[in-house]
Every structure is written in structure tokens, then in C-alpha cells.
Number of protein chains: 2
Amino acid sequence: MPWDPYDRNCPSRRLLDRIGDRWTVLIVGILAEEGPIRFGELARRVDGISQKMLTQTLRNLERDGLVRRTLYPQVPRRVEYELTDSGTSLRGPLRALEEWAVEHMGPVSAAQAAYDEASA
Amino acid sequence: MPWDPYDRNCPSRRLLDRIGDRWTVLIVGILAEEGPIRFGELARRVDGISQKMLTQTLRNLERDGLVRRTLYPQVPRRVEYELTDSGTSLRGPLRALEEWAVEHMGPVSAAQAAYDEASA
DNA sequence: CGGGATCCAAAATGATACTG
DNA sequence: CAGTATCATTTTGGATCCCG
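Rules used in this analysis
- Positions within a chain are numbered from 1, following the residues in the order the chain's sequence is written.
- Chain letters start at A and ligand numbers start at 1, both assigned in the order the entries are written.
- Reporting in this predicted model follows two pLDDT cut-offs: at least 70 for local features of residues, and 80 or more for side-chain atom pairs to be given and counted; totals over whole chains, interfaces and linings ignore these cut-offs and use all residues.
- Water and hydrogen atoms were dropped before computing side-chain values, which therefore reflect all heavy atoms in the structure.
- A pair of strands is treated as paired once DSSP finds two or more bridges between them.
- Numbering of helices and strands starts at the N terminus; helices are DSSP runs of H or I of at least 4 residues and strands are runs of E of at least 2.
- Note on geometry: axes are lines fitted to C-alpha atoms, helical ones only across the stretch in contact, with angles between N-to-C directions running from 0 to 180 degrees.
- An angle counts as roughly parallel when it lies under 35 degrees, as roughly antiparallel when it exceeds 145, as roughly perpendicular when it falls between 65 and 115, and as oblique in every other case.
- In what follows, residue pairs with any heavy atoms lying within 4.5 Å of each other are defined as contacts.
- Amino acids are sorted into nonpolar (Ala, Val, Leu, Ile, Met, Phe, Trp, Tyr, Cys and Pro), charged (Asp, Glu, Lys and Arg) and polar (every other residue, Gly among them).
- To line up the copies, we fit them by least squares on C-alpha atoms, keeping just the residues with pLDDT of at least 70 in both.
- Summed over both partners, the accessible area lost on bringing two parts together, with a 1.4 Å probe, is the buried area.
- Put simply, a salt bridge is a Lys or Arg side-chain nitrogen that is within 4 Å of an Asp or Glu carboxyl oxygen.
- Pairs of N or O atoms are called polar contacts if they sit within 3.5 Å, as long as, within protein, a hydrogen donor faces a hydrogen acceptor (for residues adjacent in sequence, only side-chain-to-side-chain pairs).

Going by what an unreviewed UniProt entry lists, chain A is known as Transcriptional regulator and is assigned to Tessaracoccus flavescens.

Shown next as C-alpha cells:
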């Protein structure tokens, strides 16, 4: 069975890899909270992202069926992004990780300080 | 409050970034299942990793207090790695993500095929 | 406004050789 | 065995220009 997330070539593994990239977690989080949102507004909400990476990340999410892109044919044009049901289902696991990170930040920082101290 | 995982400079965010790197998830998973494990054995279990990245990833995990490194002063020497309590607590959230990935792999692959088809 | 295309700098990773 | 050090390569991301 090729469903082992520990196998680097397994599709589920590749899915995880992409979700773990620099921007996906941020963008999914914002889409989950802000509902449908325009491209430009999203760019402002994601601190420090370049337009290229925003486009690229959104394209990937769209291709994976996690985000829906809606084009309103106006001039100037208007494009809105929102999570699909599939994308929404990712929110839970992601939040669990975020909460873990927030909870363990203190101990981790302390451990780092101790480690650096010991090796100094 | 500087604990917002959406802020790229927040410590919790940086913690997430490192956990999301290419190897950490794999290694934590294996350590969780295999208990204390030697360096060489770990290298064989993590498919495709270079020795350099294994060392680097383990060092980071150790510095964060998520992994404990034990050196047995023999010749040739023997080093074992295992999760700390803190590291073990990461396993739950990580598994939730892995399970999500396995569950959604099918729909995602289908969405990708449809997307590629449409743009062909 | 929402991108696509291109070029370039930087960061991550791999390969290889060496060591206590 | 379990690394360290160094160099080569691949991958990413940012800057810029252009277009409907």
C-alpha cells in the first residue's frame, strides 16, 4: 500500500510537504477567518508575502481543490478566494498544531537558551 | 500579545516553520514509534535523507528540547535518540495532520486531474 | 486589479572527503 | 559509528516589467 506518509514519494506525503510550506498555513488560516476575500486584500493581510508567492500558493490550493477562485468580470476585475469544504476540513488539524506551538513556545525557548548556554 | 502564529516574527510562528521543514515530521514520527533508536538505524529508516540533514535536524530538535540524545561511550561509539515528553506531545497534532492527508489524498488527486484537464 | 513571465539572489539540501 | 567540514547543486523566493 503506497499510503505511508513516511515514504517521500507517497502522494499523502507530498500533500503534507506542500501544506508545510512557508505560506499555505497562513493563507488557509486567513481564508478560514475572513471568508471570501479579494486578492489584494489577502496580499495585505499576509504579512511580507510577495505577489508571486501569493499567486503561486493560491494556484496550488485551487488545484488541490482546497480553495475556490471566483472571477467577477468587471473592470477593473475582481477575484475572490474562499475555502472549499475540503479546505475547511484542514483547518482543524492546522489549528491543533498552532495551539501546540503557542503552548510549547515557552519551554522551547528555555530549552534553547539552556542548550546554547551549555555549548558556550 | 505577540503570540499570533500569523505573525511571521512571532516565536510560535518560527517554531511552526521549523516543524514544517522537510524532515522534522518524518523523524518525530519514527522516534515516536521506534522508541530510542541509534543514529545509523534512524538514517536507514528515513528514506532518502542525507547524513548531514539528519544530524542537523536532530540537533535542532535537541536544542528545542523535543529530543534527547544519549551518548554511550563505547568504541565504536553509540548514540541513541528518543523523544522527550515535550516531543511526544507533538505527536498528536502531527498525526492529525497525517490522517487528514491520507484521507484527502483521493479527492485532492482527483481535483488536480480535473484542474489540469481544464487548463489543457 | 489581478495576475504572467523573466531574471537573479539567497537559502536549503546533497555529495564527498575526513576524523576521533 | 557518528559525526564535521567543505563544496556543488537544487530549490525558493523576491524584484521588476508587462498585459488585459
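Let us now look at the pairing of strand β2 (residues 67-72) of chain B. All names here are of chain B. Of the strand pairs in this sheet, β2 and strand β3 (residues 78-83) are connected by 6 bridges, and their pairing is antiparallel. Considered in β3, the bridge of tyrosine 72 is made with arginine 78. Hairpin connection of β2 to β3: 5 residues between the antiparallel strands.

Turning to the packing of helix α2 (residues 24-34) of chain B against helix α4 (residues 51-63) of chain B, a few remarks are in order. Residues and elements named next belong to chain B. In contact at an axis separation of 10 Å, α2 and α4 are set at 75° when each is read in the N-to-C sense. One finds that α2 runs roughly perpendicular with respect to α4. Contacts from Thr24, Ile27 and Val28 of α2 reach α4 at Leu54, Thr57, Leu58 and Leu61. Its residues placed into classes, the contact of α2 with α4 shows 5 nonpolar, 2 polar and no charged.

The transform that puts chain A on chain B rotates by 180° and translates by 0.0 Å along the axis, for an RMSD of 0.2 Å. Within this description, the copies of the chain are treated as partners about a two-fold rotation axis. Distance from the rotation axis, computed per C-alpha, reaches its smallest value in chain A at glycine 20 of chain A: 2.3 Å. Here 98% of the contact residues of chain A are again contact residues in chain B; the copies associate through an equivalent surface.

Moving on, we get to the interface of chain A and chain B. Listed per partner, the contact involves 46 residues of chain A and 46 residues of chain B. Contact between chain A and chain B buries roughly 4400 Å² in total, counting both sides, with carbon and sulfur atoms accounting for 67%. Across the salt bridge formed by arginine 63 of chain A and aspartate 116 of chain B, the nearest N and O atoms sit 2.4 Å from each other. Taken together, the connections running from chain A to chain B amount to 12 residue pairs in polar contact (both at pLDDT 80 or more).

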